[in-house]
Amino acid sequence: MTTSGAGWISAVLFVVVLVLASLIGSVRIGEGRIGEAGFTRPPRTAVVLWLLIAVPSLLQIVVPAVLDALERDPDQIRDHQWWRIFTSVAVQDGGLAGTVVNLLVLAWVAPLAVRVWGGVRAVLLFVASQIIFGLFTAFLFPSPGAGNSGATLALAASFAGLVVMQSKDRRVLAASGGIVLAGVLLVVVDDAHGLAVLTGALLGAALATVSPPPGDPPDRARAL
């Protein structure tokens, strides 16, 4: 398979994960609430999370040294610059187009995740996903880079783990299976984002077990 062919497959699978996660999220928060709460006023926690990623990501466009200082570099991480595992989520290595896409996707996923999980759980999932993805790409599959795509996909995929543990709705269970399958296929085409998707699903299942979101799905639309 050519590199360009694998890239198109990865892009399609990314979209599959996001579409299925959106389906699950809409069901979890209650379809009747979407138009009412609207996604016009995103939860405060989601806005803060987005700004923490967007500000340095946009700053690096005019100050490239920001990327050099924060990106993931396996050699420098091994040389005790461990913070790069965390900070690499706040800068982008995909140029202007990649930056815009990553920020737009986060702007969609973060409010949905906060409404589904609640603010604290959503942030914990995002941070834990970034740490695990950063460790994967720094030590198991060493590669320099930066971007929030891994943590964002993992946050979206966490819905799959949640509904497996809590739901009997065939629609969301089928969507959950589709997310996991997309993650497996990403791994097959040698895309590390597949590990992020699978990690997110596992983290979602674990969190749903030890600290499930409170209340019925419609109630969670009022999360922070």
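Reading guide: rules and limits
Residues numbered from 1 in each chain as written. Predicted model: local features only at pLDDT ≥ 70, side-chain atom pairs only at ≥ 80, totals over all residues. Heavy atoms only, no water. UniProt positions renumbered as here; feature names shortened; annotations may be inferred. Helix = DSSP H or I, 4+ residues; strand = E, 2+ residues; numbered from the N terminus. Buried < 20%, exposed > 50% of the residue type's maximum accessible area, 1.4 Å probe, protein only. Contact = heavy atoms within 4.5 Å. Areas by Shrake-Rupley, 256 points an atom, 1.4 Å probe, with all protein chains shown as cover. 1 Å grid on protein atoms, 1.4 Å probe; cavity = no way out; pocket = protein on both sides within 12 Å on 5 of 7 lines; lining within 4 Å. Points joined across faces, edges and corners; volume = space filled by probe spheres on them. Nonpolar A, V, L, I, M, F, W, Y, C, P; charged D, E, K, R; others polar.

Naming follows an unreviewed UniProt entry, where the chain appears as Rhomboid family intramembrane serine protease of Rhodococcus pseudokoreensis. If you open the UniProt record of the chain and go to Subcellular location (unreviewed entry), you find "Membrane".

Engineer: Tell me about the overall build of the chain, and please be specific about residues and values.
Structural biologist: Scanning the chain for helices and strands turns up 11 helices and zero strands. Moving toward the C terminus, one meets the helices and strands of the chain in the order α-α-α-α-α-α-α-α-α-α-α. Evaluated residue by residue, the chain yields a buried proportion of 49% over its 224 residues. Taking as baseline every contact in the chain between residues at least 6 positions apart, the subset at least 24 positions apart corresponds to 80%. Accessible surface, the chain: about 10800 Å² in total, of which carbon and sulfur atoms supply 70%.

Engineer: Account for the layout of surface pockets, with residues named and values stated.
Structural biologist: In this structure, the largest pocket spans a volume of roughly 750 Å³. Lining the largest pocket are 33 residues, and of these Phe14, Phe133, Ser149, Asp191 and His193 sit closest to its centre. Those elements that provide at least two residues to the lining of the largest pocket are helix H1 (3-29), helix H7 (95-117), helix H8 (119-140), helix H9 (149-166) and helix H11 (193-210). At five residues, H7 tops the list of elements feeding residues into the lining of the largest pocket. Partitioned by chemical class, the residues of the lining of the largest pocket number 16 nonpolar, 13 polar and four charged.

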